Amino acid sequence: MHLGALFIASHVLTSGSVRETARRFQLSPSTVSTAIHNLETELAMTLTERASGELATLIASGRVLEGLKPIMAAIAELGQWAGHDGAAAESDEAWASRIPVKIVTMERFLEVADQGSINRAARRLRLGQPQLSLQLANLEKFLGHRLFDRQAQGSVLTEEGRRAYQIFMAISQAWNDLKSSADERYRRTARSLRIGSIIPTGSESWVARCLGSLVSEWNARRNNNAISLVSMTADDLREALKSGRIDVAILDSVFGLESFRHRELLQTDMVVIAPPDSTETSVADLVAGHPICMPSPRTGLGHAAMAFSYERAPNRRLRGQDITAADSLPVIVDLVANHGYVSFLGRVSAMPIADKVRIVDLDEHLPMSYHVAFNHRKAAADACTVIIEVAARITSETVVRTIRPTDAGARETAA
């Protein structure tokens, strides 16, 4: 990371705009975007995100801006020393945004000053002496000052070199403070086991209870890997697993996950959930007499429900009928329980909310499976074992009749 990029990134976090920063410093937007991206990479954290085409700074950016203040002050002092003393603010900012000096170069200068010898510093840094000498010569050329007196016994700081030492030491210390926090975040992330699940219907659902029991049992066993949890649609879970953002996925379809190991959690069947005061006894009458809301086709459940609705319903009554798709199961349950809608769920998900909705069997058996998919990490495989044990324990009372004896054992596959 070089000082110019830090100066640019600091202004982006302050102004909240890549384009404004680019105009102010007479840079291309891609150069500014690269600067903020490099800072995020160095600190292992997200500082900005795009929202409706606009850049939004996140809460973490405030802490980073505070940490950058000593570096910005040192850059200003560096500018004064190099002849950019604030007489023309725009020109000074343009100069600061183009400082090519890398932090690693400054730290090598500090090492030479501390060792009093280029040769000794080069050995400690495991660099070639000519390479280090060239870097120092380029640094002196950029600053316009001689930093060392080369003597027989070594290299001694000049008066200008002592000033440079103070400035570069302030920058190095501030940067290392920022980086140490990033390194700790990276270590926590590396230890963390990231588990994603389909969105639970509510706190009483088997998914929510399964995850709660998993965390409790995992921590009770004093595992070294901390658990972090997130809920998404099945489609988003697949993408998160593929990209490495999560290690384990609890989902209702393993479509597209052939390259990952997966195990079956349980089997159930699809049912209709209807308003508690509804009186229709057949699925055809229910869907004909009530508005419909179901999980979107992005989910395994939604895909199965849509296929049933369009191709298996008697007389295909649902063709042409408006269907509201929602990726939030709690919203779907509320629409059914309180607003007269009907929907489709797996029986294992419907049973815990039987006091809120009316459960109606389909005219034909439509099997469904829930799965866990996971990556190569041993901790991920261990977590899957716990999840399967917990799921079996939690759902045994309510769905034992929906699981065939031959299917009770989970089957592990590997692509």
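Everything that follows concerns the structure shown earlier in this document.
Described in the following lines is the structure provided in the data block.

Thresholds, definitions, all that
- The residue count restarts for each chain, going from 1 along the sequence in the order it is written.
- With the structure being a predicted model, the display of local features is reserved for residues of pLDDT at least 70 and the display and counting of side-chain atom pairs for 80 or more, all residues being used for whole-chain, interface and lining totals.
- Hydrogens and water are ignored here; the side-chain numbers use all heavy atoms of the structure.
- Only DSSP runs of H or I covering at least 4 residues are called helices, and only runs of E covering at least 2 are called strands; the numbering of each starts at the N terminus.
- Polar contact is defined as a pair of N or O atoms within 3.5 Å, subject to the rule that within protein one atom must be able to donate a hydrogen and the other to accept it, and that residues adjacent in sequence are counted only when both atoms are side-chain atoms.
- Grouping buried Ala, Val, Leu, Ile, Met, Phe, Trp, Tyr and Cys residues that are joined through side-chain atoms within 4.5 Å yields what is termed a nonpolar core.
- Think of it in three bands: with a 1.4 Å probe and only protein chains considered, a residue is buried below 20% of the maximum accessible area for its type, exposed above 50%, and partly exposed in between.
- Note on contacts: a residue pair is in contact if any heavy atoms of the two residues lie within 4.5 Å.
- Cavity means a closed set of points on a 1 Å grid over the protein atoms alone, one where a 1.4 Å probe fits but cannot get out, pocket means an open set with protein on both sides within 12 Å along at least 5 of 7 lines, and lining means a residue has an atom within 4 Å of a point.
- Grid points are joined across faces, edges and corners, and a volume is the space filled by probe spheres set on the points.
- Note on aromatic pairs: the rings of Phe, Tyr and Trp (six-membered ring only in Trp) are paired at centre separations within 6.5 Å, and the planes decide the class, stacked below 30 degrees, edge-to-face beyond 60, tilted for the rest.
- Geometry is summarised by axes, namely lines fitted to C-alpha atoms with helices restricted to the contacting stretch, and by angles between N-to-C directions that run from 0 to 180 degrees.
- Note on convention: the crossing is left-handed when the near helix lies turned anticlockwise from the far helix by less than a right angle, right-handed when the turn is clockwise.
- Here the nonpolar group is Ala, Val, Leu, Ile, Met, Phe, Trp, Tyr, Cys and Pro; Asp, Glu, Lys and Arg are the charged ones; every other residue, Gly included, is treated as polar.

**Remarks on the side chain of H290**
For step 1, the next point in the chain: Note on placement: H290 falls in the loop between helix 12 (283–289) and strand 9 (292–295).
For step 2, the next point in the chain: A distance of 3.0 Å separates a polar atom in the side chain of H290 from the backbone oxygen of G340.

**A look at the nonpolar core**
For step 1, the next point in the chain: Membership of the largest hydrophobic core comes to 68 residues, with the highest contact counts inside it found for W206 and L265.
For step 2, the next point in the chain: With 11 residues, the single largest contributor to this core is helix 16 (residues 378–399).
For step 3, the next point in the chain: In contact with W206, not counting residues within four places along its chain, are I250, L265, L266, V348, S349, P352, Y370, A391, I394 and T395.

**Let's talk about empty space enclosed by the protein**
For step 1, the next point in the chain: This structure, assessed with the given rule, holds 1 cavity of 30 Å³ or more.
For step 2, the next point in the chain: Computed from the structure, the largest cavity encloses a volume of approximately 180 Å³.
For step 3, the next point in the chain: Taken together, 18 residues line the largest cavity, and the ones lying closest to its centre are I198, I199, D252, L301 and L329.

**Some points on the side chain of T48**
For step 1, the next point in the chain: Topologically, T48 is positioned in strand 1 (residues 48–51).
For step 2, the next point in the chain: Exposure remark for T48: the relative accessible area of 11% places this residue in the buried category.
For step 3, the next point in the chain: If sequence neighbours within four positions are ignored, T48 has contacts with L13, I36, E40, L55, A56, T57 and L58.

**Topic: the packing of aromatic side chains**
Any aromatic ring pair is given by two values, namely how distant the centres are and how the planes are angled relative to each other.
For step 1, the next point in the chain: Inspection of the entire model under this criterion finds 5 aromatic pairs.
For step 2, the next point in the chain: A centroid spacing of 5.3 Å and a plane angle of 55° characterise the contact between F109 and F148, whose relative ring orientation is tilted. Here F109 is found in helix 6 (residues 103–115), whereas its partner F148 is found in strand 3 (residues 148–151), with 39 residues between them in sequence. Summarising the burial analysis for this pair, F109 and F148 share the class buried.
For step 3, the next point in the chain: When the ring of W206 is compared with that of Y370, the centres are 5.1 Å apart and the planes differ by 75°; the resulting orientation is edge-to-face. Taken together, the residues W206 in helix 10 (residues 206–220) and Y370 in strand 13 (residues 367–374) connect sequence positions 164 residues apart. The same class applies to W206 as to Y370, namely buried.
For step 4, the next point in the chain: Aromatic rings pair up to connect F109, F148 and F168 into one cluster.

**Some details on the packing of helix 2 (residues 18–25) against helix 3 (residues 29–43)**
For step 1, the next point in the chain: Remark: helix 2 packs on helix 3, axes separated minimally by 8 Å, with the N-to-C direction vectors making an angle of 115°. Crossing of helix 2 over helix 3 shows right-handed handedness. Along its contact with helix 2, which presents V18, R19, T21 and A22, the element helix 3 presents P29, V32 and S33.
For step 2, the next point in the chain: Tallied by class, residues from the contact of helix 2 with helix 3 come to 4 nonpolar, 2 polar and 1 charged.

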